[in-house]
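Survey of secondary and tertiary structure
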Amino acid sequence: MGVSFLSTIPPLLPLVPVPSLTTTTTNRYPSYAKYQVTIRCNKMEIDATAEDEDRFCRRDILKCAGVTIGMELMASSGLFVEKASAADLIQRRQRSEFLSSVKGTLFTAINGNVELLPSLLTLALNDAMTYDKATKSGGANGSIRFSSELSRPENKGLSAALNLLEEAKKEIDSYSKGGAISYADLIQYAAQGVLKSKFLASAIRKCGGNEEKGRLLYTAYGSNGQWGLFDKQFGRTDTQEPDPEGRVPLWENANVKEMKDKFVAIGFGPRQLAVMSAFLGPDQAATEALLATDPDVSPWVQKYQRSRETVSETDYEVDLITTLTKLSSLGQQINYEAYSYPVQRVDLSKLKL
C-alpha cells in the first residue's frame, strides 16, 4: 500500500529498539518481512516485501526512525520554547525597525547642523570617558545630560550638541512603541551618524564633489558592514545621577601624556588614541599634529592619515568603528529587550468569514 512518509513511521517504531542514553544494547532488530510499505523520504521511495528484504535494510529503518525521534523531541520541547523563539524573532524585528527609524531621524538632524559634528563626537567621548575600571562605575550612561555635569570645564561648548539631540529625542519618542529612547543610546548613535556622514562626505570629495558617484563609492568601499557589533549594543540604560568629577581631561589643554594615561585607564592604548583624534576637539588636524609629537602615537597618526587618502580608507574606518564600539559599551549591561513591545493579539472570534 502507498502511504506518506510521516504516516509510515509510527508502525515502524516498534521494530526499532531505541537505545538508552546511559546503557549499551546488543538487541537485534526483529524481522520485518511481513510488512509491505512504501516509504517516501526526500522524494525517494523504497518498496519492502518479504521477497525483497535486501532493499529495506536496518539503515533505512534507522534513518526514518531517527527523523521521527527528532521530530518528537522538537514537538515535546513544549509550547514555551516555540513561543519563546517566536517572541525573540518579534523583538528582534521590532528593535531593528525602531533602530532604523532612529538612525534616519539622527541623520536628518546631523546633516542639518554640520557645525555641531565635532561637538557631537566629543559629547559621546566624554559621556563614556567617565568610566572607572576599579569601581565599574560611570561610562556611556547618559550622565552628561545633567546640567551639573554638562557645565564642567571639559564639557564646555557641548550644550548646543545636547540640545540638538534633545529635539531629536522628542521626535523619536513620539513614534516609539517600546518606550522612550535612552540618552545613552541617543548620544552614541549620534556619534555613529556623524562618522557615517564624514565617511560619505570624504567619498563624495574623492569623486570631485559628485554626490551620486560619491554615494556609489561609499556603498562599494565604505564601512557599513563593520557596524554590526555596534548595532547589537542597542539598549543602554541611563544613570539617574551625574558621574563623579575629575574623570575626564580637558582635552584642549591636555598634553599627550595626559591623554595617553586616560586612554590606558579605560583599557585603550596609543593606537586607539590616534584613531579617535576627531573626538578630541574641533580641529582634528591640530590634534593630530600634537599627537604626532609622541613617539608611541606618531606611527598610528601617520598610518591613519595615509589611510584617509586611499579610496577605501579601510584601516582608518575599521579601527575607528571598532574603538567606538568598545568605548560606547563601557560601564553598560545591554538590555537586548529594550524598545520591544507586546504584540496585540487578534481576536479570531470577531473575524467574519
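Observations regarding the packing of aromatic side chains
Summed over the entire model, instances satisfying the criterion amount to twelve aromatic pairs. Judged by centre distance (6.3 Å) and plane angle (70°), the rings of Phe98 and Tyr175 are edge-to-face. With Phe98 in helix α3 (residues 79–111) and Tyr175 in helix α6 (residues 159–175), this residue pair connects regions lying 77 residues apart in the sequence. Taking the relative accessible area as the measure of exposure, Phe98 reaches 7% and is therefore buried.

With respect to the environment of Leu150
Looking at the element boundaries, Leu150 is found in helix α5 (residues 147–150). The buried category is assigned to Leu150, whose relative accessible area is 15%. Residues Leu150 and Leu162, twelve residues apart in the sequence, show an inter-C-alpha distance of 9.1 Å.

Notes on unusual backbone geometry
The backbone of Lys136 sits at a positive phi, close to 55°, despite the residue not being glycine. With a phi close to 70°, Tyr339 is a non-glycine residue in the positive phi region. Position of Tyr339 among the secondary structure elements: in the segment after α14 (314–327). We classify Tyr339 as buried; its relative accessible area is 7%.

A closer look at the nonpolar core
By size, the foremost hydrophobic cluster in this structure holds 71 residues, and its most contacted members are Leu123, Phe279 and Leu327. Setting aside residues up to four positions removed in sequence, Leu327 forms contacts with Leu125, Ala128, Met129, Ala140, Ile266, Phe268 and Met276.

Considerations on the pattern of salt bridges
Applying the stated criterion across every chain, the model contains 14 salt bridges. Notably, a salt bridge pairs Asp319 with Arg271, separated by 2.9 Å at the nearest N-O pair. Taken together, the positions of Asp319 in helix α14 and Arg271 in helix α11 (residues 270–275) put the pair 48 residues apart, joining distant regions of the chain. With a closest N to O distance of 3.4 Å, Lys303 and Asp315 form a salt bridge. One end of the pair, Lys303, is in helix α13 (residues 298–308); the other, Asp315, is in helix α14, with twelve residues separating them in the sequence.

A closer look at helix α12 (residues 284–291)
Those residues of α12 that fall on the buried side of the exposure criterion are Gln284, Thr287, Glu288 and Leu291. On an axial view of α12, the arc spanned by its buried residues comes to 95°, and they lie on one face. Where α12 is buried, its residues touch α7 (183–206), α10 (256–265), α11, α13 and α14. One side-chain oxygen of the residue at the start of α12 lies 3.2 Å from the amide nitrogen of Ala285, identifying that residue as Asp283.

Looking at the packing of α7 against α14
Following both chains from N to C, one finds α7 and α14 inclined at 175°, their axes separated by 11 Å at the closest point. As the angle between them shows, α7 and α14 are arranged roughly antiparallel. On α14, the residues that touch Gln188, Ala191, Gln192, Leu195 and Phe199 of α7 are Tyr316, Glu317, Leu320, Ile321 and Leu324. When grouped by side-chain class, the residues that make up the contact of α7 with α14 number seven nonpolar, two polar and one charged.

Digging into the side chain of Arg145
Looking at the element boundaries, Arg145 is found in the loop between α4 (117–128) and α5. A distance of 2.8 Å separates a polar atom in the side chain of Arg145 from the backbone oxygen of Thr239. When near neighbours in sequence (up to four residues on either side) are disregarded, Arg145 contacts Leu162, Tyr183, Asp238, Thr239 and Gln240.

A word on the side chain of Thr323
Relative to the assigned elements, Thr323 resides in helix α14. Judged by relative accessible area, Thr323 falls into the buried class, the value being 5%. Excluding residues that lie within four positions of it along the chain, Thr323 makes contacts with Phe268, Gln272, Val275 and Met276.

Side note on the confidence of the model for the chain
Detail in the predicted coordinates should be disregarded across regions flagged by low pLDDT. Looking at the chain, pLDDT values average 83 and 74% of them are 70 or higher. For residues 1–56, every residue scores under 50 in pLDDT, and the model assigns this stretch 70 contacts once sequence neighbours within four places are set aside. Across residues 73–77 the pLDDT falls below 50, and counting only partners more than four positions away or on other chains, this stretch makes zero contacts in the model.

Some remarks on α10
By the burial criterion, the buried members of α10 are Val256, Met259, Lys260, Lys262 and Phe263. Across the axial projection of α10, the buried residues extend over an arc of 165°, all falling on one side. Where α10 is buried, its residues meet α11 and α12. Gly267, located one to two residues past α10, shows a positive phi value of around 100°.

Concerning the environment of Pro153
By the secondary structure assignment, Pro153 is in the loop between α5 and α6. On the accessibility criterion, Pro153 (55% relative accessible area) is exposed. Expressed as a C-alpha distance, the spacing of Pro153 and Leu250, which sit 97 residues apart in the sequence, is 6.8 Å.

What counts and how
Residues numbered from 1 in each chain as written. Predicted model: local features only at pLDDT ≥ 70, side-chain atom pairs only at ≥ 80, totals over all residues. Heavy atoms only, no water. Phe/Tyr/Trp six-rings, centres within 6.5 Å; stacked < 30°, edge-to-face > 60°. Helix = DSSP H or I, 4+ residues; strand = E, 2+ residues; numbered from the N terminus. Buried < 20%, exposed > 50% of the residue type's maximum accessible area, 1.4 Å probe, protein only. Core = buried A, V, L, I, M, F, W, Y, C linked by side-chain atoms within 4.5 Å. Contact = heavy atoms within 4.5 Å. Salt bridge = Lys/Arg side-chain N within 4 Å of Asp/Glu carboxyl O. Arc of directions from axis to C-beta. Polar contact = N/O pair within 3.5 Å; in protein donor to acceptor, adjacent residues only side chain to side chain. Axes fitted to C-alpha atoms, helices over the stretch in contact; angles between N-to-C directions. Parallel < 35°, antiparallel > 145°, perpendicular 65-115°, else oblique. Nonpolar A, V, L, I, M, F, W, Y, C, P; charged D, E, K, R; others polar. pLDDT = per-residue confidence, 0-100.

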